[in-house]
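So the chains spell out like this:
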Amino acid sequence: MGADEVKAAEGGLRIAADGAAGSYFVESFIAREPPSAANWASWGSATVLVRLMPPAPRARSSYGYAACAMLEVCSLPSPRATGACAKANPSFADLHVHLGRDREGRPVKVTASARLTLENIFPAAERKGLHLVGLVDAVVPACLGHLGELTARGELRAVPGGGYVRDAGTGRARPVVLLVGAEMEAEGCHYLAYFATVEELADFAAVLHPTLKNPSLSTQATDLSPARLARLVHGRGGLFLLAHAFTPHKGYYGRHRSLEETFAGGEIDGVELGLSADTAMADGLAELAPHPYLSNSDAHSLENLAREFTAFSLAAPSFAEVCLGLRGEGGRTILANVGLDPRLGKYHRTACGMCGFVAAAPPPVWECPTCGGKKVTVGVVDRLAALSSGPGGRGGDRPRPPYRRQVPLGFIPGLGAAGRDRLVGVFGSELAALHLAAEDELASVVGRRVAALILAARRGDLELAAGGGGRYGKVLQK
Ligand SMILES: [Zn+2]
Ligand SMILES: [Zn+2]
């Protein structure tokens, strides 16, 4: 967006700020720099991030941050700013969240945190600043039963289009909407499914469960073929996606070279980029051009919610709207994929399980030059470099939404849990603090040093060490 356009938009605007549509006075644009990877102002030609004069809804700071509101500037004289825009809302969706324990305290995802429970997911998602959460262990019998009871008692309320909100709301203009779904393993790879209602999910579960050894655990292997799974999901109105498509363990492209090896076409509603890969890397596979990309956290703990998420423009958060957003229909769209710098992902580079070597040479690297160890995990970037068909991606009138890199607050050196609590208290959510707050205001809450690191993270200026072999990358302290 050029400077003139920004000027034209300053003043009174009709916008939707975190669910509360209305007229607000735009005090200032947060991001004025020219578009860059770290600059949210370049999220689509008619989208900017602005700070509002009070009274912004539910704002806790004196200033009035709309909690991580990303606003469509409807008054811009832009060809895109018409019709559909007026009812569009930015919705931040993390659609890959596991369940650590069921309500009896039994493990569901064995490797996940015991605090990752159905009850705890809602407040944690609010604290992050999310609007949509996809629970991929909702298909487990204990969780299905729990969800059924909560909906029968009215404690979870269905929203139009599919998905659920807590009835005892938090007073938020836009309560977190839960989508119900499943992560499944078929022929050695992971897939994701989502449904509009608990009933449709239960109907799917009735077919799935007899094919699993232990349905009470997360992400179990079925003997159904992936194509058959997709048909069962679609037969119940669901969505079917590749989970963490490029990871060496259980990612589709960790095992296959092409979709043709498994699918006839039309089965896939989207591709989850997964930690360790971004849009540019995935676009090296030309066959992915028709498929939308999703960014999700694959969270195994409450802290990791929203470390990656997809920013949609939807009329309201719901299952049906996400379907429209994935297809880019009715003015609904994906505004951006927001995710880790791929170098922070734990399978980014080839790594050796024997000596701890992590590749630094240009990809692809296939072996450990240090100890010659056999326990080498091929990195996502190395695998993709080998599979790449050259510059693929999309062009023309259907360009890919941008990939926005973020360094979650949990990766910022010197910022502990207490500091993050203070940031949420002042700015309303972690995402608001991470992406919106001004440096001097951050400094007054967590000190100059951490504030400078958060700003550097926003600009993409932090020095990072690449992850690999199951170990996350990290921010290097200068
Ligand atoms: Zn998985
Ligand atoms: Zn998962």
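Novice: Help me understand the overall build of the protein chain in this model?
Specialist: Secondary structure assignment for the protein chain yields 13 helices and 22 strands. Burial statistics for the protein chain: of 478 residues in total, 52% are counted as buried. Intrachain contacts of the protein chain at a sequence separation of at least 6 include 67% that bridge at least 24 residues.

Novice: Teacher, can you tell me more about the nonpolar core here?
Specialist: Nonpolar side chains tend toward joint burial in soluble globular proteins. Core analysis: the largest hydrophobic core is formed by 115 residues, its most contacted members being Tyr191, Ala193 and Leu241. Mapping this core onto the domain boundaries places at least three of its residues in each of domain 2 (89-342) and domain 3 (409-461). Residues contacting tyrosine 191, with those up to four places away along its chain left out, are Met184, Ala186, Pro226, Leu229, Phe240, Leu241, Leu242 and Ala243. Membership of the second largest hydrophobic core comes to 10 residues, among which are Cys352, Phe357, Val358 and Val378.

Novice: What is the right way to read the packing of helix H3 (residues 141-152) against helix H4 (residues 198-208) from this model?
Specialist: Between two packed helices, the angle of one axis relative to the other and the distance separating the axes together describe the packing. Put simply, H3 and H4 touch, their axes get as near as 10 Å, and they point 155° apart. Looking at the two axes, H3 sits roughly antiparallel to H4. Handedness of the H3/H4 crossing: left-handed. Contact residues: Leu144, Leu147, Gly148 and Thr151 in H3; Val198, Leu201, Ala202 and Ala205 in H4.

Novice: Explain the packing of helix H12 (residues 439-446) against helix H13 (residues 448-459) here, please?
Specialist: The contact between H12 and H13 brings their axes to 7 Å, and the two run at 140°. Our classification of the angle between H12 and H13 gives oblique. When you trace H12 past H13, the crossing you get is right-handed. Contacts between H12 and H13 pair Glu439, Leu442, Ala443 and Val446 from the former with Arg448, Val450, Ala451, Ile454 and Leu455 from the latter. Class assignment of the residues belonging to the contact of H12 with H13 gives a composition of seven nonpolar, no polar and two charged.

Novice: I would appreciate a short explanation of helix H2 (residues 118-128) in the present structure.
Specialist: One turn of the α-helix equals 3.6 residues, which is why residues spaced by three or four share an orientation. Of the residues making up H2, those classed as buried are Leu118, Ile121, Phe122, Ala124, Ala125, Glu126 and Lys128. Backbone geometry just downstream of H2 places glycine 129 in the positive-phi region, at approximately 105°.

Novice: How do you make sense of the environment of valine 136 when you look at a structure like this?
Specialist: Looking at the secondary structure, you find valine 136 in the loop between strand E7 (132-135) and H3. Residue classification places valine 136 among the buried positions, given that 28 C-beta atoms sit within 10 Å. In this structure, the C-alpha to C-alpha distance between valine 136 and tyrosine 191, residues 55 residues apart in sequence, is 10.0 Å. Excluding residues that lie within four positions of it along the chain, valine 136 makes contacts with His96, Val97, His98, Gly181, Ala182, Glu183 and Leu192.

Novice: Explain helix H8 (residues 319-327) to me, please; I cannot follow it from the model alone.
Specialist: For H8, the full list of buried residues reads Phe319, Glu321, Val322, Cys323, Gly325 and Leu326. Glycine 328 sits one or two residues past H8 and shows a positive phi near 70°.

Novice: I'm lost on the pairing of strand E13 (residues 239-242) in this one. Help?
Specialist: Along any regular strand, the residues point their side chains to alternate faces of the sheet. In E13, alternate side chains face the same way, and those of Leu239 and Leu241 on one face and Phe240 and Leu242 on the other are all buried. One ladder, built from four bridges, connects strand E11 (residues 189-195) with E13; its direction is antiparallel. What sits directly across from tyrosine 194, in E13, is leucine 239.

Novice: Can you help me understand the environment of phenylalanine 195 in this one?
Specialist: Along the chain, phenylalanine 195 falls in strand E11. We classify phenylalanine 195 as buried; it has 26 C-beta atoms within 10 Å. Through-space distance from the C-alpha of phenylalanine 195 to that of valine 233 is 8.1 Å; in sequence the pair is 38 residues apart. Contact partners of phenylalanine 195, with chain neighbours within four places excluded, come to Val180, Gly181, Glu200, Leu201, Phe204, Arg236, Gly237 and Gly238.

Novice: Could you clarify how one ought to interpret the environment of leucine 179 in this entry?
Specialist: With respect to the helices, strands and loops of the structure, leucine 179 is situated in strand E10 (residues 177-186). The class for leucine 179 is buried, based on 25 C-beta atoms found within 10 Å. For the pair leucine 179 and serine 318, spaced 139 residues apart in sequence, the C-alpha separation works out to 7.6 Å. Discounting chain neighbours no more than four positions away, the residues touching leucine 179 are Leu95, Leu132, Gly134, Gly163, Tyr194 and Phe319.

Novice: Is there a simple way to think about unusual backbone geometry in this case?
Specialist: Glycine aside, negative phi is the norm for most residues, and most peptide bonds take the trans geometry. Along the chain, proline 363 connects to proline 364 via a cis peptide bond; the corresponding omega equals 0°. Relative to the elements of secondary structure, proline 364 occurs in the loop between strand E18 (351-352) and strand E19 (376-377). Notably, histidine 244 is not glycine yet its phi reads approximately 25°, a positive angle. Counting through the fold element by element, histidine 244 comes out in the loop between E13 and helix H6 (252-255).

What counts as what
- Residues numbered from 1 in each chain as written.
- Chains lettered and ligands numbered in written order.
- Predicted model: local features only at pLDDT ≥ 70, side-chain atom pairs only at ≥ 80, totals over all residues.
- Helix = DSSP H or I, 4+ residues; strand = E, 2+ residues; numbered from the N terminus.
- Buried ≥ 20, exposed ≤ 12 C-beta atoms within 10 Å, placed from the backbone.
- Contact = placed C-beta atoms within 7 Å.
- Core = buried A, V, L, I, M, F, W, Y, C linked by C-beta atoms within 7 Å.
- Domains from an automatic or database assignment.
- Axes fitted to C-alpha atoms, helices over the stretch in contact; angles between N-to-C directions.
- Parallel < 35°, antiparallel > 145°, perpendicular 65-115°, else oblique.
- Left-handed = near helix turned anticlockwise from the far one by under 90°.
- Nonpolar A, V, L, I, M, F, W, Y, C, P; charged D, E, K, R; others polar.
- Pairing = 2+ DSSP bridges.

Everything listed is a geometric property; what it means functionally is a separate question.
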